[in-house]
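Take a look at the letters that make up each chain.
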Amino acid sequence: MPEAQLPEVRERPPFSAETAKHVAREFWGLDGRVSPLPGDRDRNFRLSTPEGDYVVKVVFRGDPPGLAKLQQDALERASALDLAVPRTVRSRAGKRIEKVEGPDGNAYQVLVNTWVPGIPFAEFRPKTTDLLERIGRGLGQLDTVLAGLSHDELDRAFEWDVAHVASIVESRLSFIADEYDRALVSRHLDAITARSVLLDSLPRQPIYNDANEHNVLVAPGDDALEEGPPGLGLIDFGDMVRTWRAAELGVASAYLTMDFADPIAGMAALAAGYHRAYPLQERELEAVPYLTAARLCISVCHSAERSRSEPDDPYQTISQSGAWSLLRHLGNGHPRLMTYRIRAACGLEPCPASPVIRAWIESNPAAPVIETPLDGPVFDLSVGTDEFDGTLDPLDAAVWDAPFARRLADTGAKVGFGRYLEPRICYRGDQFKWGGSGPERQRTIHLGVDLFAPAGTGVSTPYDAVVEHVVHNDQPLDYGPTVILRHEAGDTPFYTLFGHLGMGVLDTLKAGDRLKAGQRFADLGDSNVNGGWSPHLHFQLYADNLDNLGNMPGVAFASQARTWESISPDPNLVLRTVLPLRHEQPPDLGARRAAHLGPSLSLSYRRPLHIVRGIGAHLFDAQGGAYLDCVNNVCHLGHAHPAVVRAASRQLSVLNTNTRYLHQNILDYAEALADTLPGDLEVCFLVNSGSEANDLALRMARTATGGTGTLVLDGGYHGNLTSLVAISPYKFDGPGGSGAGDRVAVLEMPDPYRNPGLDASRGAHDARRAATALAARGHAPAALIAESILSCGGQIEPPEGYLQAVYAEARQAGAVCIADEVQTGFGRVGDAMWAFELQGVAPDIVTLGKPIGNGFPLGAVVTTRRIAQAFANGMEYFNTFGGNPVSSAVGLAVLRVILEENLQTHAQEVGSHLKAGLEALKAQHALIGDVRGRGLFLGFELVRDRTTLEPADREATWLANRMRDLGVLISTDGPLHNVIKLKPPLAFSRDDADELLEKLDVVLRDTCLQPV
């Protein structure tokens, strides 16, 4: 790398805002308000005039005199691109650049350009890899047109040119006060200098060279909430230089990936975008990590020097906290792995040695690696496995032995297999986790093949080998005793890893030992020594061992699967079995769904999820991504609650039939359910869903009263049967609906936020009006049906005393009162078992669904004996599956868990904590207009204006989709589609609530959600 004689650093131009204003008026005829802008060498000012905004730039006298012309020429070239860049503004004299005498008597070059609107990347939220890919593409497009520039000033010795990193850093290293920080920069400089042959071979051309977080502008535009690609702007072209082309990516990576939990993912996204616009050579991709480190080293050294000479200028240290953090991150990572990830993002083979090694193995048959025929079953250990008895925890490796032994005994085989590239969530150890904030919370992609066989089974080398490492990786769920062998594919080394061995190998084998193909060198260990796993061999290939010392990853992050598939090729290349040992991703489920399911069946989120497992308060996608479930009240206790699984499994293995036979389960359940309800609600009818329950309740009401009309609350939803759509304003007044029929009268929605004057008295008056209207149409009221807290209406809790008043008027009109507790029952509201109790009412009929079976198809109607007897009018009521022995066993298990685990109290405590947190967010974010609900049945309404209550529906959709990307599932509801509903499984903990609140706070700070 060349050394450089760098120009002496001089003071920036001594121009004040008032001086800049005078110059703009005198030379350009522009007059307006002037305010200073940050800068490194030049003096920049924003000039706001009635005609528009401009930037007045006073050029640093230490720069070459032709640099200002270079900038203007570059801007004119860039003006045709899909980028917002400053436009040159000619002076009254027709000049792009004027020479002006400064306050110190020296002549300064001054130019005026148009102001570029946008939000600096530093202030923009969210920062995503998609956004970085867009920025990389823009930089590639820009460098394409800059390549033709020819100016002497491009070849100046420049203090921000990474090609001069050695001279720049060495001259300033002493300014770094902390010895550990100095040592870190020195180590990076040594690594960069060691790659001088690579770097000096890189293509050179003019580049922008200043894509920092303040010069890159993001313009979301009017459709920002539609998640389209944002507009992109670039400002400040004063750092252009002819240097290594790939340095453009090094500069951008240094400044734009600082806030990323995984900055290498950001670096790869920038490179991918650039490469698509302006293809890079492979050696350039290899250089990107070093060029990033070089720019960071220059930055921290400049900052250390300037902070001494200009301690009061915040611009000199504006990026330094992030710069040091990123330098440490790069120092802890392996540069080849970084390069492989960048290559993968650019569509190249991540590890260049991998194709050579795969071809060699395919041409050279291997000796067996284990002393038993490879003819056994392939076990499914994927996220959604059904390999295990439903009563066993598939995440607990200790329970694998028995089912695996049964499978082997059934097939007569000696060995079973675990698949390559299989997504798994059994890796519970801290070593598999990372600090990211999204659904990818741990490594899940298995990189080897498992060979399950008895402890003591012999293990052999497939090829001639040299022992590279013999290590005891003794953490729980780690490899245990491990051996890594090195082999030669011609001139290219590759490696095999053997994990979960017996302890004996630690004494009998050492690094440097030579083994012949087929030589036995170890035995399989048992679970006491092999990390706690069922006895098996973890067999894995490596095309690059990344200079590791014996604990190469056996599991990868799903986002890096393509990279690691290249580093760790398919072990079946060596094993050569005909078994399906490679886990294959399912084909496009979205296309199949569109082909075979009705189009009215909607999917959640703009990027739909492929969910394959639920545990407690979390759902898991097919790649092992974990999502905190804040909306799925169907699994009331928690997903796959073991008590419910056991109850269903046991009873299903004994008997499942209809209710025409005597059976104890249905009686035990009916008694237990009635015991939770107040008053004379004691007769149960069991059905299969909440919709069936509400349909049956309507039939009962009409039979008992002789009426045919129904009173409903506006915004109410009671199910998807034809009879229920007809009484659900949420449906019949929504898209595709045909409005209320003659037999339905709608009461005002009891929404204290949007209708604050609606109290119990007004509710009573409204109920009388509605009942009178029904009677006038010839339909005496048979029923008032009301959710005790409106769900689809927007988590609306009626005003105090409202239901008492409305129930009284309905009964006065001859109707019975139906409490729809399908979503609110079973202790969810915390302060009561049933939400109607919060209003102090006693309904005539209660309908139950969703949580009643924890996801199992079950529903119930509970009523008084009087109504039940009236319903028995001679027409038999029979429901084939309602109340079958399995459903009843499940329902009883749910009730027992609610009581035994005190879940009602839990809902009250966690819900109160969560609601208080939501109120605190409301105080910080004007977008939240109202927080409402009880226990773990909560909601908050988003409005664009707290006075007009303009609904923020698009913002609510954005919020739900962004939270999904952060690994939290919420949903929108309400007739205006602007309410976020929160009704998680009751396994939801205080820590879960804190995670939800923390991530809500992050997303509510997104740029597009801020007031204009």
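The rules behind these values
Residues numbered from 1 in each chain as written. Predicted model: local features only at pLDDT ≥ 70, side-chain atom pairs only at ≥ 80, totals over all residues. Heavy atoms only, no water. Axes fitted to C-alpha atoms, helices over the stretch in contact; angles between N-to-C directions. Helix = DSSP H or I, 4+ residues; strand = E, 2+ residues; numbered from the N terminus. Parallel < 35°, antiparallel > 145°, perpendicular 65-115°, else oblique. Left-handed = near helix turned anticlockwise from the far one by under 90°. Contact = heavy atoms within 4.5 Å. Nonpolar A, V, L, I, M, F, W, Y, C, P; charged D, E, K, R; others polar. Pairing = 2+ DSSP bridges. Buried < 20%, exposed > 50% of the residue type's maximum accessible area, 1.4 Å probe, protein only.

## A few points about the packing of helix H27 (residues 903-924) against helix H29 (residues 990-1004)
Next, step 1: In contact at an axis separation of 9 Å, H27 and H29 are set at 15 degrees when each is read in the N-to-C sense. In terms of their interaxial angle, H27 and H29 are classed as roughly parallel. In this structure, H27 crosses over H29, and the sense of that crossing is right-handed. Counting all contacts with H27, which are made through Val-910, His-913, Leu-914, Gly-917, Leu-918, Leu-921 and Gln-924, the residues of H29 involved are Arg-990, Ala-993, Asp-994, Leu-996, Leu-997, Leu-1000, Asp-1001 and Leu-1004.
Next, step 2: Of the residues that constitute the contact of H27 with H29, the class distribution is nine nonpolar, three polar and three charged.

## A closer look at the sheet that holds strand E33 (residues 859-863)
Next, step 1: Across the sheet, which stays open at both edges, the seven strands sit in the order E27-E33-E32-E31-E30-E28-E29 with mixed pairing between neighbours. The strands lining the two open edges of the sheet, one partner per strand, are strand E27 (683-687) and strand E29 (744-747). Within this sheet the neighbouring strands show an average axis-to-axis angle of 20 degrees, counted without direction.
Next, step 2: Of the pairings in the sheet, the one linking strand E31 (residues 816-820) to strand E32 (residues 845-848) comprises three bridges and is parallel in character.

## Focus on the environment of Leu-698
Next, step 1: Among the secondary structure elements, Leu-698 is positioned in helix H20 (residues 690-705).
Next, step 2: On the accessibility criterion, Leu-698 (1% relative accessible area) is buried.
Next, step 3: Once the C-alpha coordinates of Leu-698 and Ala-465 are considered, the two residues, 233 residues apart in sequence, prove to be 78 Å apart.

## Quick word on helix H7 (residues 247-256)
Next, step 1: Burial of H7 is extensive: ten of the ten residues sit out of reach of the surface.
Next, step 2: Among the residues of H7, those classed as buried are Ala-247, Glu-248, Leu-249, Gly-250, Val-251, Ala-252, Ser-253, Ala-254, Tyr-255 and Leu-256.

## Examining unusual backbone geometry
Next, step 1: Here the amide bond leading from Arg-125 into Pro-126 is cis, since omega sits at 5 degrees, within 30 degrees of zero.
Next, step 2: The phi angle at Leu-421 is positive, at roughly 65 degrees, despite the residue not being glycine.
Next, step 3: Of note, Leu-421 is situated in the loop between strand E13 (416-418) and strand E14 (445-446).
Next, step 4: Even without being glycine, His-500 reaches a positive phi, approximately 75 degrees.
Next, step 5: Tracing the backbone shows His-500 in the loop between strand E19 (492-499) and helix H14 (505-508).

By themselves these figures say nothing about function.
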